[in-house]
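Geometric and topological summary
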Amino acid sequence: MPPATGTAGTRTVPVRPSAAAAWPLRPGVIIAVAALLGLGLRVFQLTRPGYLTGFTQYDDGVYIGNALRLVDGVIPYRDFAMVQPPGSMLLMVPAALVGKAFGSMSALAVARILTVGADTANVVLVGLLVRHRGPLAAGVASGGYAVYPAALNASQSLFLEPWLNLFCLLGAVLLFDGDQLAGYRGGPGEHGSRRAFWAGVCFGFGAAVKIWAAVPALVAWLLCLRARRDRIPFAGGFVVGIVVPCLPFEILAPSGFGRTVFVSELVQATHGRVGANPRVADITGIIGLSSVGVDPRIWQGVTAAAVLFLFVVVAWLRARRAGARATSLDWFALITTIVVIGMLFSPSEWYMHYAAFVGPFLAVLLGLSAARLVAARNRPVQKPRRWIRVCAGVIAALAVAAMGAADGYAVTKLYPARSLQDASALIPPGACVLTDTASVTIAIDRFSARSPGCPVVVDTVGTLIATTHGKDFVAGPEVLQADTQVWQQAFQHADYVWLIGNNGYTGARIAWTPALHAYFTSHFTLIAMPSSSPGAGNVPRGGLYIRKS
């Protein structure tokens, strides 16, 4: 059998056959094991009571609610506010069709199952991207992403990051052939250009899911530009990938689409700013080493980041001294990881699932670095069976930790599932229910009303962003008046109003005014599920209300 080789720039650096033979498992087997581990952890989350069909948090109701409205013939950006590109909504159309036939609760369950499948596919794609570097690279990359805390958090329900990662990784797998751009070894050709085009399409549709995909797409295009090949097919594919899903909605809602997606969301301002501590903890993954409900201290996060940085630097320096130059894939992983991490410090708000976006690029970077470090040693890996036992022990420990079985510690955060049985019994099917949290009505099959004049508000926060042009509650009373008018009109047509708010405070998502509060209290009465946080001033108490008649 010919010796294994690794490509580095325009030169080829041989890897000693004895070192490769020291690993008895092939990369494909390791990737499959990592995929099974990742699938098991993600499925386990959905087996918790209430996590498949119940109400756990806000975002999933918005994303599946958008798709449910679309299959009912309601146009986003025109008939209701939507601040994200339409990619996620289009991906959830199959789940919405199931919900149309069997109820919105079924749509929510299908959406969560599909998201688990998408993130498990990410485990495989991360491994495929580095498998040419050997079993160690495949194990570090795919195994690392399988247990990455932010990825587990994002896959517990319908979040954008697993789908965003899926299309970015599909684009990367198509764009790279081993260490170099596709078709690089054989010179310019139609095959490489075709792969570059479809890679651009994948990155473009990723941007149609969440605009963040433009960052790795730009890095990939710059690498094409540096290599003087396939930059036009890749750019053309990216344009096709983002324009095809977005153009119909731009035509149907020319003012609403551009205002909410490319203006309001990008200039969104909020009260206060989340500090660096939770961001560093979530990005480095050390959130899983802290007690539940307690964030790690900043020095712990900085230390973890420094260890990862030092590992990458040492691997690169040792490989450089051994004569191995960085390849296009190395530069893609390194630059994308650095730029994405920097980008994640820019939003004023922060949620753990945001960190899932850097997960695949960080995993690829660490996998490539581990392979470079071992190859630079230029000697066989001793006692392979001992290495297998150690790796198996680490994976088993991480799996146990992810299930939260050790004294209140867990690898990731699970949002609490809440019972809504009381509301389901009080609201008749087909009633017109207006809520500030679409997840609750979706979870009890009360999202769609039979009356044609029922309000179609889905995303309360998105409505606030769209009506204030991204200024949120930072805006003055005159700007907030537009959001108040939306809710004034919606209250006039609702039979039930269900206010959840943020931790029971209903003033976090609706611009309440004395006039709006007076109308609400004079026309609706609280009947069930009062929040623990009482109303204050012009802000009513959370709970389920019915129209007074």
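Computed from a predicted structure; not experimentally measured. Each residue is numbered by its place in its chain's sequence as written, counting from 1. pLDDT decides what is reported in this predicted model: residues at 70 or higher carry local features, side-chain atom pairs at 80 or more are listed and counted, and totals for whole chains, interfaces and linings draw on all residues regardless. The side-chain figures draw on all heavy atoms in the structure; neither hydrogens nor water molecules are used.

Quick look at the overall build of the chain
Spelled out, the test is: Secondary structure elements are taken from DSSP: a helix is a run of H or I of four residues or more, a strand is a run of E of two residues or more, and numbering for both begins at the N terminus. Type-normalised accessible area, obtained with a 1.4 Å probe on protein chains alone, sets the label of each residue: buried when under 20%, exposed when over 50%, and partly exposed for intermediate values. Only heavy atoms matter for contacts: two residues are in contact if any of them lie within 4.5 Å across the pair. All accessibility values rest on the Shrake-Rupley procedure with a 1.4 Å probe; residue burial counts only the protein chains present in the view.
Looking only at helices and strands, the chain has 23 helices and eight strands in total. Expressed as a percentage of its 549 residues, the buried residues of the chain come to 53%. The contacts in the chain between residues at least 6 apart in sequence include a share of 75% that link residues at least 24 apart. Taken as a whole, the chain presents about 23500 Å² of accessible surface, with 64% of it coming from carbon and sulfur.

Topic: the environment of Phe167
Mapped onto the secondary structure, Phe167 falls in helix H9 (residues 160–175). We classify Phe167 as buried; its relative accessible area is 15%. Note: C-alpha distance between Phe167 and Phe203 (36 residues apart in sequence) is 6.0 Å.

Quick look at the pattern of salt bridges
Counted only if it meets this: The term salt bridge refers to a side-chain nitrogen of Lys or Arg lying within 4 Å of a carboxyl oxygen of Asp or Glu.
Across all of its chains, the model carries nine salt bridges by this definition. The residue Lys100 makes a salt bridge to Asp72 at a minimum N-O spacing of 2.9 Å. With Lys100 in helix H5 (residues 93–102) and Asp72 in the loop between helix H3 (59–71) and helix H4 (87–91), the pair connects residues that are 28 residues apart, well separated along the chain. What makes Lys100 exposed here is its relative accessible area of 52%. Among the ionic pairs, Arg372 bridges to Asp330, the shortest N-O distance being 2.9 Å. Highlighted residues: Arg372 in helix H17 (residues 359–377) and Asp330 in helix H16 (residues 328–344), separated in sequence by 42 residues. Taken as a pair, Arg372 and Asp330 share a single burial class, namely buried.

Comments concerning the state of the cysteines
Going by this rule: Defined by distance alone, a disulfide is two cysteine sulfur atoms within 2.5 Å.
Counted under the stated rule, the structure contains one disulfide. Each sulfur in the disulfide pair Cys432 and Cys454 lies 2.2 Å from the other. Between Cys432 and Cys454 the disulfide shows an S-S torsion of about 90°. By sign, it is right-handed. Taken as a pair, Cys432 in the loop between helix H19 (421–426) and strand S5 (433–435) and Cys454 in the loop between helix H20 (438–443) and helix H21 (460–467) lie far apart in primary sequence, 22 residues in all. You'll find Cys432 and Cys454 in the same group, each marked buried. Note on Cys168: no disulfide assigned, nearest cysteine sulfur contributed by Cys202 at a separation of 9.4 Å. For Cys168, a relative accessible area of 0% puts it in the buried group. Note on Cys202: relative accessible area 13%, which makes it buried.

Considering the side chain of Arg112
What counts here: Side-chain atoms alone can form a polar contact between residues adjacent in sequence; in general such a contact is a pair of N or O atoms within 3.5 Å, and within protein one must be able to donate a hydrogen while the other accepts it.
Its location among the elements puts Arg112 in helix H6 (residues 104–130). Given the relative accessible area of 0%, Arg112 is considered buried. A polar atom in the side chain of Arg112 sits 3.0 Å from the backbone oxygen of Tyr51. In this structure the side chain of Arg112 is engaged in a polar contact, spanning 3.4 Å, whose partner is the side chain of Thr56. With residues near it in sequence (within four places) discarded, Arg112 still touches Leu46, Gly50, Tyr51, Leu52, Thr53, Gly54, Thr56, Asp60, Gln156, Ser157 and Leu158.

Points about the packing of H5 against H6
The condition is simple: Comment: axis = line fitted to C-alpha atoms, over the contacting stretch for helices; angle = value between 0 and 180 degrees taken between N-to-C directions. Note that the term roughly parallel is reserved for angles under 35 degrees, roughly antiparallel for angles over 145, roughly perpendicular for angles of 65 to 115, and oblique for everything else. Each crossing gets its hand from how the near helix is turned against the far one by less than a right angle, where anticlockwise is left-handed and clockwise is right-handed. Each residue gets one label: Ala, Val, Leu, Ile, Met, Phe, Trp, Tyr, Cys and Pro are nonpolar, Asp, Glu, Lys and Arg are charged, and the others, such as Gly, are polar.
For the pair H5 and H6, interaxial distance at closest approach is 6 Å and the crossing angle is 155°. Here H6 runs roughly antiparallel to H5, going by the angle between their axes. Handedness of the H5/H6 crossing: right-handed. Where H5 approaches H6, its residues Ala95, Ala96, Val98, Gly99 and Phe102 are matched on the opposing element by Ser104, Ser106, Ala107, Val110 and Ala111. Across the contact of H5 with H6, the residue classes break down as seven nonpolar, three polar and no charged.

Focus on the confidence of the model for the chain
Low-confidence regions, as indicated by low pLDDT, have predicted coordinates that should not be scrutinised in detail. Note the following rule: The pLDDT value expresses, per residue, how confident the predictor is, ranging between 0 and 100.
For the chain, the mean per-residue pLDDT works out to 81, and 78% of the residues sit at or above 70. Taken element by element, the chain is modelled with least confidence in helix H1 (residues 17–21), mean pLDDT 40, and with most confidence in H9, mean pLDDT 96. This model gives residues 378–385 a pLDDT under 50, and the stretch forms 13 contacts once residues within four places in sequence are excluded. Low pLDDT (under 50) marks residues 392–410, which in the prediction has 24 contacts with non-local residues, meaning those over four places away or in another chain.

Points about the sheet that holds strand S6 (residues 496–499)
Put simply, the rule reads: Pairing between two strands is assigned when DSSP locates at least 2 bridges connecting them.
What the four strands build is an open sheet, ordered S5-S6-S8-S7; its pairing is mixed. Single-partner strands in this sheet number two, and they are S5 and strand S7 (524–528). The sheet shows a mean angle of 30° between the axes of neighbouring strands, taken without regard to direction. With three bridges connecting them, S5 and S6 associate as parallel partners. Directly across from Thr435, in S6, lies its bridge partner Trp498.

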